[in-house]
Structure formats: C-alpha cells, structure tokens
Amino acid sequence: MVEVLITASLLSLSAVITTSSSTIYARTLQMTEELSSEKTLYFLAGTIKGAVAASITSGKNITTSISFQNPIIIEAEGGFLKLKLANSVKSIYLGVVVEGGGKGRTFNIAASQNFVRICSVPP
C-alpha cells in the first residue's frame with residue numbers, strides 16, 4: 001500500500017514539473033520571437049533611413065536590397081512600416097512616405113529624398 005502511495009505521489013509530482021517546464025518554455029519562446037521581430041524591424045528601419053539619407057546626400061535615387069534569415073511579411077503605408085514575423089506584429093513610424101511590402105526573405109528598397117518603395121524579391 002505504501003509503495004502505491006509513493007508511486008502515485010511521484011507520478012503527480014512529475015506531472016506538475018512537466019507542466020511547469022512546458023509553460024516556462026512557451027513563455028521563453030514567445031519572448032525570443034518578440035525580441036527577434038523587434039530586432040528585425042529596427043534593422044529594416046535603419047536600412048531604409050540609411051538609403052533615404054544617402055539619397056539626400058547624393059541627390060540621386062538609391063536602390064538597395066536587404067535579406068533576412070527567416071521569411072517575413074512587410075506592409076508599408078504612409079509613414080508606417082509593419083512587420084510580421086512568426087506570431088509577432090511590430091510597427092514603426094519612419095517619417096517618410098513608404099509604400100509596398102510583400103512576403104519573403106529578400107526585399108528591394110528604392111529610396112528617394114521623400115519616398116521609399118519596398119518590394120519582395122521572388123526566390
């Protein structure tokens with residue numbers, strides 16, 4: 001009888017530990033995805049602002065491309081840039097008119113002094 005009680009107690013404790021570990025893992029994974037999407041958004045915004053600055057300095061239109069490790073979705077409208085990566089959606093205001101977007105790993109960025117066009121490059 002004592003052995004049955006000890007076994008039942010150990011099984012219950014094991015179930016509690018497994019459930020807690022799964023919850024902690026899920027939270028850690030979610031935080032990692034959010035940090036990754038924020039880093040990706042700031043990298044993209046920095047590249048766009050750099051292209052606009054180069055266009056202002058040179059007086060010419062600048063075309064560049066940017067690639068990411070994982071596929072992302074970019075939506076741009078007005079001065080806002082929205083990025084969707086995994087389960088996360090992030091948005092940032094750029095201060096210049098941005099249009100275009102798409103889904104993929106590589107994107108072309110065409111920038112003038114006051115306008116930016118983003119489009120995905122097919123694989």
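Refer to the structure presented above.
Computed from a predicted structure; not experimentally measured. (Residues numbered from 1 in each chain as written. Predicted model: local features only at pLDDT ≥ 70, side-chain atom pairs only at ≥ 80, totals over all residues. Heavy atoms only, no water.)

### Quick word on the pattern of salt bridges
Part 1 of the argument: Tallied over the entire structure, the rule returns 3 salt bridges.
Part 2 of the argument: Here E75 ties to K84 by a salt bridge, and the two come within 3.2 Å at their closest N and O atoms.
Part 3 of the argument: Salt bridges sharing common partners tie together E75, K82 and K84. (Salt bridge = Lys/Arg side-chain N within 4 Å of Asp/Glu carboxyl O.)

### Focus on the layout of surface pockets
Part 1 of the argument: Empty space within the largest pocket amounts to approximately 200 Å³.
Part 2 of the argument: Lining the largest pocket are S36, K39, T40, F43, F68, Q69, N70, I72 and L85.
Part 3 of the argument: Elements with a contribution of two residues or more to the lining of the largest pocket: α1 (2–58) and β1 (62–77).
Part 4 of the argument: For the lining of the largest pocket, a count of residues per class yields 4 nonpolar, 4 polar and 1 charged. (1 Å grid on protein atoms, 1.4 Å probe; cavity = no way out; pocket = protein on both sides within 12 Å on 5 of 7 lines; lining within 4 Å. Points joined across faces, edges and corners; volume = space filled by probe spheres on them. Helix = DSSP H or I, 4+ residues; strand = E, 2+ residues; numbered from the N terminus. Nonpolar A, V, L, I, M, F, W, Y, C, P; charged D, E, K, R; others polar.)

### Focus on the pairing of β1
Part 1 of the argument: Alignment of β1 against strand β4 (residues 97–111), held across 11 bridges, turns out to be antiparallel. Counterpart to T64 in the pairing with β4 is I109.
Part 2 of the argument: As paired elements, β1 and strand β2 (residues 80–85) share 5 bridges and run antiparallel to each other. In the sheet register, I73 faces β2, and the bridge partner there is K84.
Part 3 of the argument: Between β1 and β2, which pair antiparallel in sequence order, lie 2 residues; one of them, G78, sits at a positive phi of approximately 65°. (Pairing = 2+ DSSP bridges.)

Limitation: the analysis is restricted to geometry and does not speak to function.
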